[in-house]
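Commentary on secondary and tertiary structure
Now for the letters of each chain:
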Amino acid sequence: MRLLVIEDENALSDVIKAAFIDEKFEVDLAEDGETGYLLGSSGIYDAVILDGMLPKMDGYDVLNRWRREEMHTPVLMLTARSELEDKLKGLGLGADDYLTKPFDMEELVARIRVITRRQGAVRIDSLEFGDLRLNLDSGMIQNKENDDEVRLGKKEFQLLELFMRNQGQTLRREQIAEKLWGYDCESEYNNVEVYISFTRRKLKYIGSTVSIKAVRGIGYRLERIND
Ligand code: CA
């Protein structure tokens, strides 16, 4: 899960970041509305925590723009006051939830878990392609034909999940790097190839006929080797 926190109080965003890293989230921070809007528009986040009062562009404007642009990432708004008007404004603009400051960190974590699960009506616990099954809870891949399985490292898992959720699509290297390392990831581009080669090795290890194929000049695609 990748979370974007748009909050100008650094002390607060640092605490939020630490709490979600403990929960195995990847967390990116933005200190003003404009930066947060641009980061969130990339569509790489599973949820956004958005403060109402922000420099450059306030949280309500950020949310309003996203929803008008059909950007549907779940958003939890933080409101400074407990005024009903603020809450209604946020919900009216398409916020999925809100919390009034000050709030309990455990409460925030729980609420984010709820809004990220709500995405899509059915919660799925595995993804399949060809003879390959990726278990989303255990992080194991399994060959359905022979039951061989192996555990993926964190980045290998994120990589394969991305491919299995975008079956039939060729993913650009930049797209993959953004999903795995976040928006500001230029120095990470070379790592994409490294993790692809790790993941290929594990697919081979369980005898799967699925592999990650390089599409010259474009990126990578999941394919069945003998097709
Ligand atoms: Ca603020």
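Definitions and cut-offs
- Residues numbered from 1 in each chain as written.
- Predicted model: local features only at pLDDT ≥ 70, side-chain atom pairs only at ≥ 80, totals over all residues.
- Heavy atoms only, no water.
- Buried < 20%, exposed > 50% of the residue type's maximum accessible area, 1.4 Å probe, protein only.
- Helix = DSSP H or I, 4+ residues; strand = E, 2+ residues; numbered from the N terminus.
- Pairing = 2+ DSSP bridges.
- Axes fitted to C-alpha atoms, helices over the stretch in contact; angles between N-to-C directions.
- Contact = heavy atoms within 4.5 Å.
- Donors = N, O, S within 2.8 Å, 3.2 Å for Na, K, Ca; no water.

Overview of the pairing of strand β6 (residues 126-129)
- Burial of β6 is one-sided: the residues Leu127 and Phe129 facing one way are buried, the residues Ser126 and Glu128 facing the other way are not.
- What sits between β6 and strand β7 (residues 132-135) in their antiparallel hairpin is a turn of two residues, with glycine 130 showing a positive phi close to 55°.

Digging into the pairing of β7
- Only one face of β7 is buried: it carries Leu132 and Leu134, and the other face, with Arg133 and Asn135, is open.
- Bridge count for β6 against β7 is four bridges, and the pairing is antiparallel. Looking across to β7, one finds that glutamate 128 is bridged to arginine 133.
- Pairing of β7 with strand β8 (residues 140-143), which is carried by three bridges, proceeds in the antiparallel orientation. Residue pairing for β8: leucine 132 is matched across the bridge by asparagine 143.
- Between β7 and β8, which pair antiparallel one after the other, the connecting turn spans four residues, and glycine 139 there sits at a positive phi close to 75°.

Here's the deal with the sheet that holds β7
- A sheet is described by the order of its strands in space; here four strands give the open sequence β6-β7-β8-β9, paired in antiparallel fashion. The sheet is open, and its two borders are formed by β6 and β9 (149-151), each paired with just one other strand. Each adjacent strand pair in this sheet contributes to an overall mean axis angle of 20°, direction not counted.
- Helix α6 (residues 154-165) rests against β6, β7, β8 and β9 of the sheet, and its axis sits at about 120° to β7.

Details of the coordination of the calcium ion
- Taken together, the protein ligands of the calcium ion are Asp8 (OD), Asp51 (OD) and Met53 (O), with distances of 2.1 to 2.3 Å.
- Mapped onto the polypeptide sequence, the residues donating to the calcium ion form the spacing pattern D-x42-D-x1-M.
- A relative accessible area of 53% places methionine 53 in the exposed class.

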